[in-house]
Amino acid sequence: MSFSSFVRSVFSKLSEMDIPSWYSFISACIFAIWLFLRATYRAITSEWLSTSFFFLKHFVYPYILPRIPFVGTATRLKVLIALAYIITNILLVTIIGVKSRADIGTRAATMSIINLIPLLCGPRLSLMTKMLGISLRTSIGTHQWFGRTAVAEILLHTVISLTSSQPFKWTGINTSGVVGSSAIGFILLLSIRLVRRVFYEWFLNLHLLLSVAVLVAIGLHVFSKKPAEIFLQIGIYLWAGVTMVNWFLFGFRNFVIGRPFATAVATRLSNSYPSDLVDPSNVLRVDITVPRKWRVRAGQYIFLSIPRLGVLTGLRGHPFMISWWDWSRKGLTISLLVKSRTGFTGELDRHTNKELLAFIDGPYGIQHRFGDYGTVIMLATGIGIAGHIPYIKDLISGYNNCEVRTRRILLVWQISKESQEQWVTKWMDELLDSDTGYVRLHVQDYGKEDLEYGSHSKIKKIFAPPNVGDVLDTEFKAHRGRVMVSLCADLIMADKARKEVQRRMNKRVRLVELDFQPSLRETGWPSSTDMEFKCKG
């Protein structure tokens, strides 16, 4: 077959496609182009798809509305993307190429299966997130919107089928449809934020079981119905392929000939204080000795499984940020800061100071290149310090080896109890002892007596709430190259910082929110103590 004949054959096939097929084809093309651009641009420069100052200031950073309790908010860009996606689905389901009420029901069923395809990306969203080069929070938000749209279309299909002129009969196909719709409804109820937080462990397990039930029920319902059956097969093949890759990587990370499995030891950081919302008595440091080493990067996180903690709780992986890592004769040891709550972390708190068999999945996460910026400002609250410590470690190491451009670091860590300092005392001492002497530390004077913190006499404690606007003004006036503002803080500080950065936005400034963000109840807001670290070279 000649090339011209092949091209004519392709265009002939495209002209025969229906509306849902075009929707899936265009979506697949966008996905492929995104992967191509990411791979190509990343090979050319370290900052792929860098956006313009105007786009960042007016679309990426600003929220469209103030944050609403139990609902949240979203940036203008996310709202525009979500609206475009929803409007497209509404038009394709109810208007374009639709001639009757029955056509709407059929189109809704087919479109729902197409929208389920991105949800079948295997047991880990993080694997697809890493491949696409997007943040975990963006991936979760996308997952939720695909799920909500698919649920709405399935419910529309169900309502139209039940209210049609033909009486409903309990045939095998109809029964499978009812089972699938019911399972989808339960998933929607479990996905409500309040329910998800209260019953987190139950949510994880039931979400998986109900998803399998939905797939089986839909498979029986659309059997021999084209093109819905084809789209479902595509989704199942995707799930099988990504799952195989995930299990291969899991085996590669955990099974090494001649070396023992990973072991985890949890240690309470203090026992001298009563249990509270966030206190060293219920914050743990988990040290994991891994069988196969890798080059740990700031921003990486893992999924940790410990079978000893229970079949339903311990076997399922739970995500934690890597806060520290060390090399020894035993190999690589990574450390996590873990807030003890219920479920997995609660069981882990009951097995402290014991060597436990562990399995890790990962590492995942996107590393932000802070070393390309002359000034790095880090804002953290409570246990959010766990997200910034690795970046400080990388920056100091890079500074000593002349690998980074950063010459000024400011860390603002707001805590509610002085006892929380113990979470990172040892690590911060080691970090500042490892600098070459070219870095000097300074603190702003808020009019109160400062206290030395740590054994190195370089960090001081300030008893005053941080003024984010003043901090940014001071650093922006220093003119130490480009400025990166990094957030790993609760919603109150994060929203305040985002607003202040947007007001002072210029071409030298960038803002990033790390994947891990502490909640208000973890931080103990409001607080009256903050520690501010300034590194100036």
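Before going into details, it helps to say that this report is about the structure given with it. In this convention, every chain numbers its residues from 1, walking through the sequence in written order. Side-chain atom pairs in this predicted model are given and counted only at pLDDT of 80 or more, local residue features only at pLDDT of at least 70, and totals for whole chains, interfaces and linings cover all residues. Side-chain figures throughout are based on the complete set of non-hydrogen atoms in the structure, without hydrogens or water.

**Some words on the pairing of strand S7 (residues 355–364)**
Summarising burial for S7: eight of the ten residues are buried, a large majority. Across four bridges, strand S1 (residues 262–268) lies against S7 in antiparallel orientation. Along S7, the bridge assignment pairs Ala 264 with Leu 356. At least two DSSP bridges between two strands are needed for those strands to be called paired. Each helix corresponds to a stretch of at least 4 residues labelled H or I by DSSP, and each strand to a stretch of at least 2 residues labelled E; elements are numbered beginning at the N terminus. Inspection of the sheet shows strand S3 (residues 301–305) paired to S7 by four bridges, in the antiparallel sense. Within the sheet, the bridge partner assigned to Tyr 301 lies in S7 and is Tyr 364. To sort residues, take the accessible area from a 1.4 Å probe on protein chains only and compare it with the maximum for the residue type: under 20% means buried, over 50% means exposed, and anything in between is partly exposed.

**Quick look at the layout of surface pockets**
Grid points spaced at 1 Å and placed over the protein atoms alone form the basis of the search, with a cavity being a set where a 1.4 Å probe fits but cannot get out and a pocket an open set showing protein on both sides within 12 Å along at least five of seven lines. Lining residues have an atom within 4 Å of a point. Grid points are joined across faces, edges and corners, and a volume is the space filled by probe spheres set on the points. If you add up the space inside the second largest pocket, you get close to 1,000 Å³. Considering the residues around the second largest pocket, the lining is formed by 40 residues, among which Ala 109, His 157, Ser 161, His 221 and Lys 225 are closest to the centre. Mapped by element, the contributors of at least two residues to the lining of the second largest pocket are helix H2 (19–44), helix H5 (101–116), helix H7 (136–162), helix H8 (172–190) and helix H10 (200–221). Counting residues per element, the lining of the second largest pocket draws most heavily on H5, at ten residues. Amino acid classes used here: Ala, Val, Leu, Ile, Met, Phe, Trp, Tyr, Cys and Pro are nonpolar; Asp, Glu, Lys and Arg are charged; the rest, including Gly, are polar. Broken down by class, the residue content of the lining of the second largest pocket amounts to 18 nonpolar, 15 polar and seven charged.

**A word on the sheet that holds strand S2 (residues 283–289)**
Taken together, the seven strands give an open sheet; going across it, the order is S4-S3-S7-S1-S2-S6-S5, and neighbouring strands pair in antiparallel fashion. Looking at strand neighbours, the two that pair on one side only are strand S4 (318–321) and strand S5 (324–328), the edges of this open sheet. Strand after strand, the sheet turns through a mean of 35° between neighbouring axes, direction not considered. Where helix H14 (residues 385–400) meets the sheet, it contacts S4, S5 and strand S6 (331–339), and its direction lies at approximately 50° from that of S5. Note on geometry: axes are lines fitted to C-alpha atoms, helical ones only across the stretch in contact, with angles between N-to-C directions running from 0 to 180 degrees. Contact definition: two residues touch when any of their heavy atoms are within 4.5 Å.

**Thoughts on the environment of Gly 371**
Mapped onto the elements, Gly 371 comes out in the loop between S7 and strand S8 (375–381). Look at Gly 371 and you get buried, because its relative accessible area is 13%. The spatial distance from the C-alpha of Gly 371 to the C-alpha of Gly 398 is 7.6 Å, given a sequence separation of 27 residues. Once residues lying within four places of it in the same chain are set aside, the contact partners of Gly 371 are Leu 395, Val 404, Arg 405 and Thr 406.

**Structural notes on the packing of H5 against H7**
Where H5 contacts H7, the axes come no closer than 8 Å and their chain directions differ by 150°. Between H5 and H7, the angle falls in the class roughly antiparallel. Seen from above, H5 lies across H7 with left-handed handedness. On H7, the residues that touch Arg 101, Ile 104, Gly 105, Thr 106, Ala 108, Ala 109, Met 111, Ser 112, Asn 115 and Leu 116 of H5 are Phe 146, Thr 149, Ala 150, Glu 153, Ile 154, Leu 156, His 157 and Ile 160. What sets the label is the angle itself: under 35 degrees gives roughly parallel, over 145 gives roughly antiparallel, 65 to 115 gives roughly perpendicular, and the rest give oblique. For a crossing to be left-handed, the near helix must be turned anticlockwise from the far one by less than a right angle; the clockwise case is right-handed.

**Remarks on the side chain of Thr 149**
Its place among the elements puts Thr 149 in helix H7. Among all residues touching Thr 149, those that are not within four sequence positions of it are Tyr 85, Asn 89 and Asn 115.

**Thoughts on H7**
Its 27 residues give H7 an end-to-end C-alpha distance of 39 Å, which sits within 8% of 39 Å, the value for a rise of 1.5 Å per residue. Residues Leu 136, Ser 139, Gly 147, Thr 149, Ala 150, Val 151, Glu 153, Ile 154, His 157 and Ile 160 constitute the buried set of H7. In this structure, the buried residues of H7 make contact with helix H4 (76–94), H5, helix H6 (125–132), H8, H10 and S3. To estimate how far a helix should reach, multiply one less than its number of residues by 1.5 Å.

**Considerations on the nonpolar core**
Counting 32 residues, the largest nonpolar core has Leu 337, Phe 370, Met 378, Ile 385, Ile 389, Trp 423 and Val 424 as its most contacted members. Of all the secondary structure elements, the ones that give two or more residues to this core are S8, H14, strand S9 (408–415), helix H15 (425–433) and strand S13 (483–488). Per element, the largest residue contribution to this core is seven residues, and it comes from H14. Setting aside anything within four residues of it in sequence, one finds Phe 370 in contact with Val 376, Met 378, Tyr 391, Leu 395, Thr 406, Met 484, Ser 486, Val 512 and Leu 514. Only buried Ala, Val, Leu, Ile, Met, Phe, Trp, Tyr and Cys residues count toward a nonpolar core, and they belong to the same one when joined by side-chain atoms within 4.5 Å. Formed by 30 residues, the second largest nonpolar core is a distinct cluster that contains Ile 104, Ile 113, Phe 203 and Val 222.

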